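Spelled out, the chains give:
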Amino acid sequence: MDSATSAWHLPGGHVDAGDSSLLGAALGLAARRAGVETNMVIPGGIIPFDVEARIVEAAPTRGEPEHVHYDMTYLFHVEDRSLAVPDSVSTRVRWVEPGQVAGRLGTKLTKASRHSRLVT
């Protein structure tokens, strides 16, 4: 949560050319940005959570044409919630129950979590 804006920011980033799947990229980013070890994630607790698509205007100075940008979000459930957050992470990272997140994001997290049968 960003205390300056009181908004939740999920760890994320771009899929790299070396990534073999969206899930693999998401697990790698969660490891780098939030200290989540892949073996901490419960396999049955990985839920493709949300997809958002938006049109990005062309950026001729970077040689990028207009394109559709997709944001794919996964919900991960873990057994051990102790995080080994890298020293380079300057923001606060913490685990919360889905119901503790306010607003639309919290509602969606709670609903998705219930479908996983891991959270009641």
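The structure reproduced in this document is the subject of the present report. Throughout, a residue's number is its position along its own chain's written sequence, starting from 1. Residues qualify for local features only when their pLDDT is at least 70, as the model is predicted, and side-chain atom pairs are given and counted only at 80 or more; totals for whole chains, interfaces and linings, by contrast, use all residues. With hydrogens and water excluded, all non-hydrogen atoms of the structure serve as input to the side-chain values.

**Here we look at the overall build of the protein chain**
Argument step 1. What the protein chain contains, in helices and strands, is 2 helices and 2 strands.
Argument step 2. Any two residues whose heavy atoms approach within 4.5 Å are treated as being in contact. The contacts of the protein chain with a sequence gap of at least 6 include a subset with a gap of at least 24, amounting to 55%.
Argument step 3. Using a 1.4 Å probe, the Shrake-Rupley method yields the accessible areas, and only the shown protein chains count as cover for residues. Accessible surface computed for the protein chain: about 8600 Å², of which carbon and sulfur atoms make up 52%. Each helix is a run of DSSP H or I of at least 4 residues and each strand a run of E of at least 2, with the numbering of both proceeding from the N terminus.

**Regarding the packing of aromatic side chains**
Argument step 1. A pair of aromatic rings is counted whenever rings of Phe, Tyr or Trp (Trp by its six-membered ring) have centres within 6.5 Å, and the orientation is called stacked for planes under 30 degrees apart, edge-to-face for over 60 and tilted otherwise. Taken as a whole and assessed by the stated rule, the structure comprises 1 aromatic pair.
Argument step 2. With centroids separated by 6.3 Å and ring planes inclined at 15 degrees, the aromatic side chains of Tyr74 and Phe76 adopt a geometry described as stacked. As far as the burial class goes, Tyr74 and Phe76 line up, both buried.
Argument step 3. Across from the ring centre of Phe49, 5.7 Å away, lies the NZ or CZ of Lys108, which sits over that ring. Per-residue accessibility, obtained with a 1.4 Å probe over protein chains only, is compared with the maximum for each type, and a residue is labelled buried under 20%, exposed over 50%, and partly exposed between these values. Whether a charge sits over a ring depends on NZ of Lys or CZ of Arg being within 6 Å of the ring centre and within 35 degrees of the ring normal.

**What about the pattern of salt bridges?**
Argument step 1. Salt bridge criterion: a side-chain nitrogen from Lys or Arg within 4 Å of a carboxyl oxygen from Asp or Glu. A complete count under the given rule lists 2 salt bridges for this structure.
Argument step 2. Put simply, Lys108 and Asp50 hold a salt bridge, and the shortest N to O gap is 3.0 Å. Taken together, the residues span a long stretch of sequence, with Lys108 in helix H2 (residues 103–116) and Asp50 in strand S1 (residues 41–56) at a distance of 58 residues.
Argument step 3. When its relative accessible area of 25% is taken as the criterion, Lys108 is described as partly exposed.

**Notes on the nonpolar core**
Argument step 1. We call a set of buried Ala, Val, Leu, Ile, Met, Phe, Trp, Tyr and Cys residues a nonpolar core when their side-chain atoms join them within 4.5 Å. One finds Ala26, Leu27, Ala30, Ala34, Val36, Met40, Val41, Tyr74, Phe76 and Val78 forming the largest nonpolar core, which totals 10 residues.
Argument step 2. Taken together, the elements giving at least two residues each to this core come down to helix H1 (22–34) and strand S2 (67–78).
Argument step 3. For this core, the element with the most residues is H1, which contributes 4 residues.
Argument step 4. Excluding residues within four positions of it along the chain, Val78 makes contact with Met40, Val41, Ile42 and Trp95.
Argument step 5. Counting 7 residues, the second-largest nonpolar core is a separate cluster that includes Leu75, Val96, Leu109 and Ala112.

**Some points on the side chain of Thr110**
Argument step 1. With respect to the helices and strands, Thr110 occurs in helix H2.
Argument step 2. Any pair of nitrogen or oxygen atoms within 3.5 Å is treated as a polar contact; in protein, a donor-acceptor pairing is required on top of that, and neighbouring residues in sequence qualify only through side-chain atoms on both sides. Within the structure, Thr110 has its side chain in polar contact with the backbone oxygen of Gly106 (distance 2.8 Å).
Argument step 3. The contact partners of Thr110, leaving out residues within four places of it in the chain, are Pro98 and Gly99.

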